[in-house]
Structure formats: C-alpha cells, structure tokens
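Given next are the chains, with one letter for each unit.
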Amino acid sequence: MQITSVYLRLSKLWLRDAELFLLILMKLVLCWLQIFALFLCEGTEDIVTLGTIPLATIEKFNKMVVKNQSAPRQPDKTTSRRLLQVIGKDMRIVVFGFRPKTKQRRVVFDALLRCTKPSSLWDLYAFTCGPSKFRNANPKVRLLNEYFRLLGKGSMCASMDMIEHGSYTLSNELWRISTVNCNYSMCQSYPFALIVPKSISDEEVLQASTFRARCRLPVVSWCHPGTGAVLARSSQPLVGLMMNMRNNTDEKLVAALCSQLGGARGRRKLYIADARPRKNALANGAMGGGSESSSNYFQSEVVFFGIDNIHAMRESLSRLRDYLDTHGTTSSDGMSSFLRHGGWTWGGGNLSSMSASVSTLGDTGWLIHVQSVLAGSAWIAARVALESASVLVHCSDGWDRTTQLVSLANLLLDPYYRTFTGFQALVEKDWLAFGHPFADRVGMPTVSGNGNMPFELSRQSSGSFSSSTMRQSSGSFTSQTPSSSHAQNNYSPIFLQWVDCVSQLLRMYPFAFEFSSAFLVDLLDAVLSCRFGNFFCNSEKERQQVGVSEACACMWAYLTDLRSLEGRSHLHYNLFYDPHKHDGPLLPPAAALAPTLWPKFHLRWACPSEAQAGELEAQCRNMSMKFFELQKAKEVAERKAKEMAISMESLSAELSNEKQISSSAAALAKRASKENAAIKRAIQSFGCKVHFARSGDTTVDVESNTRETPQKLMYSSSRSKSDGNLRHDEKSDLSVSITVAAEDAPNNSISRLCETLCPLRTTDGGCRWPEAGCAQLGSQFVGLKANFDAFDRLSIYDGYFETE
C-alpha cells in the first residue's frame, strides 16, 4: 500500500514538475542501492549472480588484505584491496572486494558473524520459519518398523501407543528387541530400542555395556534373513594399556552374535573389524581403550582398516576445496585459476604445471579416504554374503567411521536400502538413531544436559574462523583472524564423505539404485542448510528433549513432496533403475573401487559446465518424459477403447435381446394369423359371413336354412379374460368368444343354431368337450368359447374339417 501511494504521488508530481520528479527519483535509487548491494566482476564489471546461500552452510569467513605488486617504474605506489572470503560447507568459496576507506566490509562481516553462528539452537531457521506442511511420523515409529522388517515381522505396524506401553518387544528364533534403553539410562547416544541376541537377558546387556566406551555395547544393525549372519556395531572395548582387561558378559554377548540356528552345525566365524589404524588403537589403550584380542573371543579374527579420524577428514576436504577453487574454470577471487577463460593454455602452457595440479589432487587425500571407506565396506559385505560370517564393527566411540562402514555395508547387502524408503530407513537407523553427532560434525549449536539446565546450549569451537593457506599468485594475503587449533574443532564432513561413497557406488552400479545423484546432492544441501530439524542435535535423546519432530519440518516429507509433483520423471529418480537386475548383494571387486571426483557436488561451483556434463542423462530424462507422456496417452486411448468395447458389447446384447423379442413377436404373429385363418374357415363353414372392422371387432352374420331373421354373432379376442359365466384355459395364448344375439328368436332356433355351430355334440345330446363352457340354452344369448390349443389336442381338424 505504501509503494502504491508513493507511485501515485510521483505520478501527480511528474504532471506538475518534471525536474523535481527526476531529482526525487534519483534519491530513491540511491536509497535502494544502499539497501541492496550489487557485486560486479572485476575487469568486466558484469553483475555477479550469487544465487541463494543458506547462512548455515557457511563454514567460516575471513577478512583479508591483498597487496598488489607495484609497477616496475613506480616502486613507491603500492595499493591494497580489502577482501572478505566466505567458505561454505558445500564446496563453495566466494571472495568479495570492497572499496577502500569504507566501512562496508566491517558491516558485512559483523552481519555474517551475527547470523551464521547462532548461540541458540532455537535461532536456527527450522525453528524460526513457523509451521510447515511437511510433517511425518515420529522417528521412533519408523525405527521400530525397520526393526520389525529385520526380524521378519514386516506385517506388524508400530505406533506411539506401542512405544508408550513398551509392547514392541518382538523376537524371532535368534534376536529380540530390548527395552533396556527405553529411557536412555544405559546409553544416552543409543536409540530407545535395541536388537540383541535372544539368549542374552537385559541384566547381561547392562553388565556388558560397562565394558565399552560411552556404554555403546555390541548390538545388531542388520541380520541376514536366510543364513542368520549379522552385522553388529559397538564402540571400542576398555581393555587398558596392557590389553589385558576382560569382561565375561561382553565376551558372552559377542559370542551370541555368532550363534547358529539349530546349534548342531556349530558356530559361525566372527570378524571384529576395527576401523582405525592399528597404531591408533594401541594409542587409545593408554587412555583406557584399545581393541579386542582374538584369543578372548571364540572363533574370531580382528582386522584393522586403517581409516583416519575426523580431523584428517576435515583437513582433506579443506585441501580439496582449495584445489578445486585454484584449478577450476573460474576462481573465487578471479586471479589464481590456471585455466583462463576456457583457453588452451594451462599454467602458462607448461605441461609440468598440469602434472603438478593433478598430483595436488592426490595430495588432498580425499579420494584415498573415500576409497578406504569403500574397500572396508565391501570387505564386510563380502564376509557376510559369501562366508555367512558375522561381523562386529567399531572404531573409538562407534559413531563416525563405524557408522560409515556399517551403513555402507547395509547398502551393499540389502536391495531394500537402495530404494527411497529404504534409504531413509537406513539413514534414520544407523546415522540418527545410533547417535552420530550431527551438531558437532556440521557445526550447529548443541544441547547438553547439565544439572538443572537440561537445555543449556553451548557453542563448539567449530565456529572459529580459521583461514586456510592462501594462494599468492598476484599478491600476498594476510588474514586478520587468527587461526584456531583443529584439535578443539569437532567439525568434520563425515556424513558428506559417506554420501560421496554412495555416489561412487551409484556410478559403478547405475541399475541398482532407485534414486539418482541429484537426489544425493539435494539431501546434502538439506542437511547443511538447517532448513529441517531431522539432523539437529547429537542423539535421539536430545532431539526428543528439544521436540524437534513436533516443532520442525521433516526433510523426508519435503523430498517426497518434490518427487510427487512430477512422478517418475522427477530428477530424483534414477532412469536406469532395474530392481530385478541387482536383487541381491553388491560385491564390487577391488579393481572397481577407484573413486573419482563427484561432478554434481564437487564441481558445481568451481567447474559449473563440467558439473552439468551429464547431458546424456538429461537427454535420456527428456526422452523418458516424452515416453511417459506417450504412455499416458496410450493408457487414455486404451481406456477409451475399452469403454467403447464395453459399450459395443452392451449394444450387441441389447440388439440380440431385441432380435429375440422381434423373433418371438413374429412367431406370435404367425401363430395368430394361422389361428385367425382357422377361425375364419370354421365360421365360414357354418354358413356365416365374417366382417372385420378397423376397431378390431368382428361381425359374424349367420344365415339359417329356415326363413328367419339372420342372427348376428360378435367375435372378439382376449388373452386372459372371459365373459360372465364363461370359463377359459389359463394356459392358452389366445381365446375367442362368439356371441349370438337373437332378436326375438325362439328357443328352437337357438337350439338348432347351437347344434349347427357345435360339431362336438353327440347324438345323445352330450358334449365331447366338457370344459368348453358351452352354450347357455334358455337365455337370450348363446355363448361359445373356443380354445384352439384344445382343438389341436382333440384333432378338431381331423374330426371336423374333413375332406369331401
């Protein structure tokens, strides 16, 4: 309304004074430019389109000063530029330049500092955006439904009533669902329900939990429906520095993971997969941790995978991000990209520079880490699928590398997890329910229970603004923000790395997954943006305390709504998905586990054209959309044809019925014509003349041999009624009544007439047709009712219509 009012006033002003109008318009434009800043590309001064950058995806930002090298003839005139570098968790790096001697950079920096690092969990967008239509069932209900499926009880359906009453303790021959952690008293980072061996009681479960770090005891994550082999997870055992501490209950629980259905066949082999390097496991022994000894666990083998910790992953991703920004099509600051404007020169035309850049990619270590996770998961899946062995996986705390390995092995073993619904169940089970600390790893405010303040919020050091090593191609960079110690930073792209591993499997097995690479990208963006509350906090217990599922929108419901708008043609669907091609486990050989950069995610900012290089997929998707449209048109045409066929069948049935009716009517008409002809001949044989009128009545003139007045007989036909005292056969189709009207005729004339008309009278005055309702002598009228069916039965034609 205010804008409309201003517009009307300016219109009236333009009519009065054009010069004053232009002056006011210029002031409005200046005010507009002060509110909305436009960033121009240096050199070309083209407007830079930044798009939408969710504040939560900003990992860090730094104020920098770039000192330009002075010209050779002007050594004293050196200039510097004020820059602000913004680094995102989604591989995006943006550098903004500001005019010198202004406070613009300070204002923007303070605004980012205030908005991107909220001190309260409730300041995140998911809590402040208000009510949302994207609601979903309680995560606990979905977890129980997945447990029921694993135990072979898929027909059961979980509910909140079942959770509140604790009536979800189902079991099969080997495993059961335990309520020992229903109030999170045993382990705060584990889910409320656990799958444990059926032979282990809840008391033994409590005893075994004390021997594992953070009480994360061995529990079942997935069980083979046919062989009974399981994939279990836990944290490291507390064996101590000398590796000699033991716990009988823990050993009994681990041994129960290898039980065989029908114990006559003995126990299966157990592999204990330690995700850490061996030296790290030994170092943890100094702090009371360590690893198992195969001599203490019956028929077991301990294997170390050598996967580095969260700090190594964080540094690796940072180096990869800098590498892509440096060697991409365009650099964030526009100065240090080796590939200029898509030309053919690479690093000044030096081939060694190209080789150096490729080796720099290897130095980031990212692909090596991805390969280590892939190889470990494939090894676990092979042991379960090929040897029917059980595998227990753990690292230090059992919520980072353990979650990566277990969930990826589940994805390889179970085709259900390669669908949309199964992938959601997998993420909610192994990542959310089993306590991956998303708040710490993504860099969000956390919830910690401290005495009287159960919702006290604390900031992790992941919010520090440490600057990475800056490139010095055209000038020197100095940061005004001191670097922080990575040892105090719990931020790490563990979940991002796992999704990267899933994308590698999708590349190797394009027919095995219902979802596409675009779905994985949108999944990561939804997690990093904090638009939804599914990945808040560090555990299921904390999310329940905060009431995330009630207060925040659900990411899964949002993604499902996106797909429902376009159906199978949506870009989240994998066009090549064939559930029958890979209906069993995926067991990639070692030679196939050579990862590459994930273009859709890693290259979308540094190399936008290369990230969209999947034009073949886009063309296939367009062809698929056209195919679906043609298929829909075909279905519509087939439906119309079916309706027309049904209509034709109905019309044919009606036509057949009409033909039957017409045939029956023709038969009746033919029979009536035949009977009418017989009547006519019978009456004419009596010496009567028959006259037919248009009204349907028939007049019969009777001429006697004597010289008496002619008698008149009236003939009428009826199907079901008779006259007065005359009776008729109810089974007959046609009745004929003949009435003789005698005007002052003597009785003897009537008798002679009756004798003349009735050929069935016997010589003694009797009647050979007693049921005919014969003439009523002595009355004024003489009635005769003839039933022609009875005539036929008595062979009237043979007895009366004799040939002369």
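The rules behind the values
- Residues numbered from 1 in each chain as written.
- Predicted model: local features only at pLDDT ≥ 70, side-chain atom pairs only at ≥ 80, totals over all residues.
- Heavy atoms only, no water.
- Helix = DSSP H or I, 4+ residues; strand = E, 2+ residues; numbered from the N terminus.
- Buried < 20%, exposed > 50% of the residue type's maximum accessible area, 1.4 Å probe, protein only.
- Contact = heavy atoms within 4.5 Å.
- Areas by Shrake-Rupley, 256 points an atom, 1.4 Å probe, with all protein chains shown as cover.
- Polar contact = N/O pair within 3.5 Å; in protein donor to acceptor, adjacent residues only side chain to side chain.
- Pairing = 2+ DSSP bridges.
- Axes fitted to C-alpha atoms, helices over the stretch in contact; angles between N-to-C directions.
- Core = buried A, V, L, I, M, F, W, Y, C linked by side-chain atoms within 4.5 Å.
- Salt bridge = Lys/Arg side-chain N within 4 Å of Asp/Glu carboxyl O.

**A look at the overall build of the protein chain**
Thinking step 1. When helices and strands are counted, the protein chain shows 26 helices and 18 strands.
Thinking step 2. Split into buried and exposed, the 804 residues of the protein chain put 46% on the buried side.
Thinking step 3. If you take every contact in the protein chain between residues at least 6 apart in sequence, the share linking residues at least 24 apart comes to 69%.
Thinking step 4. Just so you have it, the protein chain exposes about 42,500 Å², and 55% of that area is on carbon and sulfur atoms.

**What about the side chain of Glu 292?**
Thinking step 1. Along the chain, Glu 292 turns up in the loop between helix H9 (278–285) and strand S9 (300–304).
Thinking step 2. At 2.7 Å, the side chain of Glu 292 and the side chain of Arg 212 are in polar contact.
Thinking step 3. Here His 394 takes part through its side chain, which lies 2.7 Å from a polar atom of the side chain of Glu 292.
Thinking step 4. Apart from residues lying up to four places away in sequence, Glu 292 is in contact with Arg 212, Pro 237, Ile 272, Tyr 297, Val 302, Leu 392 and His 394.

**Observations concerning the sheet that holds S9**
Thinking step 1. An order of S6-S7-S10-S8-S9 is seen for the five strands of this open sheet, with the pairing classed as mixed. Whereas interior strands pair on both sides, the edge strands pair on one side only; in this sheet they are strand S6 (219–223) and S9. The mean angle between the axes of side-by-side strands here comes to 25 degrees, regardless of whether they run parallel or antiparallel.
Thinking step 2. Where strand S8 (residues 270–274) lies against strand S10 (residues 390–394), five bridges are found, and the strand directions are parallel. Bridged to Ile 272 within S10 is Leu 392.

**Describing unusual backbone geometry**
Thinking step 1. Positioned with a positive phi, Met 243 is a non-glycine residue whose angle comes to about 55 degrees.
Thinking step 2. Taking relative accessible area as the criterion, Met 243 reaches 25% and is therefore assigned partly exposed.
Thinking step 3. Residue Gln 299 is not a glycine yet carries a positive backbone phi of 50 degrees.
Thinking step 4. By secondary structure assignment, the location of Gln 299 is in the loop between H9 and S9.
Thinking step 5. Residue Gln 299 is classed as partly exposed on the basis of its relative accessible area of 38%.

**Overview of the nonpolar core**
Thinking step 1. Among the nonpolar cores identified, the biggest contains 149 residues, and Phe 423, Phe 495, Trp 498 and Phe 536 are the most heavily contacted of them.
Thinking step 2. Sort the elements by how many residues they give to this core and helix H16 (residues 494–508) lands first, with 10 residues.
Thinking step 3. Counting nine residues, the second largest nonpolar core, distinct from the first, contains Phe 61, Val 94, Phe 96 and Leu 112.

**Here we look at the pattern of salt bridges**
Thinking step 1. One pass over the full model with this rule turns up 21 salt bridges.
Thinking step 2. Linked through salt bridges whose partners overlap, the residues forming this network are Glu 146, Arg 149 and Asp 414.

**Regarding the environment of Met 91**
Thinking step 1. Inspection of the secondary structure puts Met 91 in the loop between strand S2 (80–88) and strand S3 (93–98).
Thinking step 2. On a C-alpha basis, the gap between Met 91 and Asp 322 in space is 8.9 Å, while along the polypeptide they are 231 residues apart.
Thinking step 3. Non-local contacts of Met 91, meaning those with residues more than four positions away in its chain, are made with Leu 317, Leu 320, Arg 321, Leu 324, Phe 601, His 602 and Trp 605.

**Comments concerning helix H20 (residues 555–566)**
Thinking step 1. For H20, the set of buried residues is Met 555, Trp 556, Ala 557, Tyr 558, Leu 559 and Arg 563.
Thinking step 2. If you follow the buried residues of H20, they end up packed against helix H5 (139–150), helix H14 (420–433) and helix H17 (517–529).
Thinking step 3. A positive phi of about 70 degrees marks Gly 567, the residue just after H20.

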